[in-house]
Amino acid sequence: MKVKVKYFTDDIEKLRYIDGVSDWIDLRAAEDVEMKAGDWKLIPLGIALELPEGYEAHVVPRSSTYKNFGVIQTNSMGVIDATYCGDNDQWFWPALAMRDTVIHKNDRICQFRIMQNQPSLEFIEVEHLEGPDRGGFGSTGIK
């Protein structure tokens, strides 16, 4: 699958898909960012993509993002649909600083993957479900 990408800066590494290692693609900060504990910022990622129709991108933190930078993603997971595809539709990462931190331009702070859209669904109301009952939320215990 070919995906068109526009870069807003030449100062970050180009996107790369590393076959056989991970099907997630790292995204980088497009500018230096200094945040104090409690600060919130949309960190520019320096790219825009033209996703194929019928696909969306899921953006999440890297596993080391909190350890390295002390920031969390405020919307848990970002979903970018194929309509966000214009020349000015730069991707951003919404970050909340849990401690004072500095993120440098080109630091890998999050990752994304391209997923096919959910198929059309029809919900059918029933009185009873046929699956086995697990006992409700939190029913599997702690050990």
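Definitions and limits used
Residues numbered from 1 in each chain as written. Predicted model: local features only at pLDDT ≥ 70, side-chain atom pairs only at ≥ 80, totals over all residues. Heavy atoms only, no water. Helix = DSSP H or I, 4+ residues; strand = E, 2+ residues; numbered from the N terminus. Buried < 20%, exposed > 50% of the residue type's maximum accessible area, 1.4 Å probe, protein only. Lys, Arg positive; Asp, Glu negative; His and termini not counted. Salt bridge = Lys/Arg side-chain N within 4 Å of Asp/Glu carboxyl O. Polar contact = N/O pair within 3.5 Å; in protein donor to acceptor, adjacent residues only side chain to side chain. Contact = heavy atoms within 4.5 Å.

Colleague: Whenever I open this one, the side chain of Asp 89 confuses me. Can you help?
Modeller: Inspection of the secondary structure puts Asp 89 in the loop between strand 8 (78-81) and strand 9 (92-97). The charged side chain of Asp 89 is buried without a salt bridge, its nearest counter-charge being Lys 6 at 9.6 Å. A polar contact is formed between the side chain of Asp 89 and the backbone nitrogen of Cys 85, at a distance of 3.1 Å. Here the side chain of Asp 89 touches Gly 86 through a polar contact of 2.7 Å, landing on its backbone nitrogen.

Colleague: So what exactly am I meant to see when it comes to the environment of Val 60 here?
Modeller: Relative to the helices and strands, Val 60 is located in strand 6 (residues 55-61). A residue is classified by how much of its surface remains accessible, and Val 60, at 15% relative accessible area, is buried. In the structure, Val 60 is positioned 17 residues away from Met 77 in sequence and 5.2 Å away in space, judged by C-alpha atoms. For Val 60, the residues in contact, after removing those within four places along its chain, are Trp 24, Gln 73, Ser 76, Met 77, Trp 93, Cys 110 and Gln 111.

Colleague: Before we go on, may I ask you to explain the pattern of salt bridges in this structure?
Modeller: Pairs can form between side chains of opposite charge once their charged atoms are near each other. Counted according to the given criterion, the structure contains eight salt bridges. The salt bridge involving Glu 13 is made with Arg 28; its shortest N-O contact spans 3.4 Å. One end of the pair, Glu 13, is in the loop between strand 1 (4-7) and strand 2 (25-28); the other, Arg 28, is in strand 2, and 15 residues separate them in sequence. Between Arg 113 and Asp 23 there is a salt bridge; the shortest N-O distance is 2.4 Å. Highlighted residues: Arg 113 in strand 11 (residues 108-116) and Asp 23 in the loop between strand 1 and strand 2, separated in sequence by 90 residues. In this structure Arg 113 comes out as partly exposed when scored by relative accessible area, which is 22%. Judged by relative accessible area, Asp 23 falls into the partly exposed class, the value being 36%. Sharing partners across several salt bridges, the network here consists of Asp 26, Arg 62 and Arg 108.

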